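What follows is each chain in one-letter form.
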Amino acid sequence: MRNKHFHFISAALVSVLLFNTSCQELEDYNQSITLSGQWTGDFGMYYDYEYRGHILTFDSYDTDIVFYPEFGGATYGYGKQVDFYKQGPYTHIYHYFDWDISRGIVRLRYKSEPSLNCDIYDYRMTSSRFTGYFGGSNSSFSLVKIADYYNWAV
């Protein structure tokens, strides 16, 4: 009798774990479809520039960022980001990154600028808006979708 009870509990536990895993994978898949495309707005970017012994900080007034899926429905891919500046020696700065969504976390990895790498935990994403905070910081962003790779009506 004990073996049957043990097998039933084991089977139930495996079913719950598989259900939770598949639900999270489905959510990651849905979020990646929503994320894929082109966004614009305030991505919280800035750069520091040293001039005559002083450090000057210039804030971006706009960012254009594109999330390309590796293939249709992929939960990972690559991207391109352009930050625009009204002041300072640079009018725009390009960044290239890899992205993925896993367990509800959006990860951005900038190969040539690892200091920009970030995980986005606390966010809201709809088919037209993407807002949130970088990591555990108070640095926020707010983007509007201008091109969608799955819904051409946007």
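The structure presented is a predicted model; accordingly, all values stated were derived computationally and were not measured.

Enquirer: Help me understand unusual backbone geometry, please; the structure alone is not making it clear to me.
Expert: Across residues other than glycine, the phi torsion is negative in most instances, and most of the peptide bonds are trans. Unusually for a residue other than glycine, Arg52 sits at a positive phi of about 50°. Here Arg52 shows up in the loop between strand E2 (46–51) and strand E3 (54–59).

Enquirer: Can you help me understand the side chain of Asp83 in this one?
Expert: Here Asp83 is to be found in strand E5 (residues 76–84). In this structure Asp83 is buried but unpaired, with Lys80 as the nearest side chain of opposite charge at 12 Å. Separated by 2.8 Å, the side chains of Asp83 and Thr63 make a polar contact. In contact with Asp83, other than residues within four places in its own chain, are Met45, Ser60, Asp62, Thr63, Thr91, His92, Ile93 and His95.

Enquirer: Is there a simple way to think about the sheet that holds E5 in this case?
Expert: Strand-to-strand pairing in sheets goes through backbone hydrogen bonds, with the strands running parallel or antiparallel. Spatially, the nine strands line up as an open sheet ordered E8-E7-E6-E5-E4-E1-E11-E10-E9, and their pairing is antiparallel. The sheet terminates laterally at strand E8 (118–120) and strand E9 (123–125), the two strands that pair on one side only. Each strand axis lies, on average, 25° off the axis of its neighbour in the sheet, ignoring direction. As defined by bridge partners, strand E7 (residues 105–109) adjoins E8 across three bridges and the pair is classed as antiparallel. Following the sheet pairing, Arg107 is matched in E8 by Asp119.

Enquirer: Explain the side chain of Ser32 here, please?
Expert: Within the secondary structure layout, Ser32 lies in helix H1 (residues 2–35). Ser32 sits in the buried class, given a relative accessible area of 1%.

Enquirer: Teacher, can you tell me more about the layout of surface pockets here?
Expert: Here the idea is plain: a probe the size of a water molecule rolls over the atoms and shows the empty space left. Within this model, the largest pocket holds a volume of roughly 380 Å³. In terms of lining, the largest pocket is formed by 18 residues, of which the most central are Gly44, Met45, Tyr46, Ser115 and Leu116. Looking at the lining of the largest pocket residue by residue, the class counts come to 10 nonpolar, six polar and two charged.

Cut-offs applied
Residues numbered from 1 in each chain as written. Predicted model: local features only at pLDDT ≥ 70, side-chain atom pairs only at ≥ 80, totals over all residues. Heavy atoms only, no water. Helix = DSSP H or I, 4+ residues; strand = E, 2+ residues; numbered from the N terminus. Buried < 20%, exposed > 50% of the residue type's maximum accessible area, 1.4 Å probe, protein only. Lys, Arg positive; Asp, Glu negative; His and termini not counted. Salt bridge = Lys/Arg side-chain N within 4 Å of Asp/Glu carboxyl O. Polar contact = N/O pair within 3.5 Å; in protein donor to acceptor, adjacent residues only side chain to side chain. Contact = heavy atoms within 4.5 Å. Pairing = 2+ DSSP bridges. Axes fitted to C-alpha atoms, helices over the stretch in contact; angles between N-to-C directions. 1 Å grid on protein atoms, 1.4 Å probe; cavity = no way out; pocket = protein on both sides within 12 Å on 5 of 7 lines; lining within 4 Å. Points joined across faces, edges and corners; volume = space filled by probe spheres on them. Nonpolar A, V, L, I, M, F, W, Y, C, P; charged D, E, K, R; others polar.

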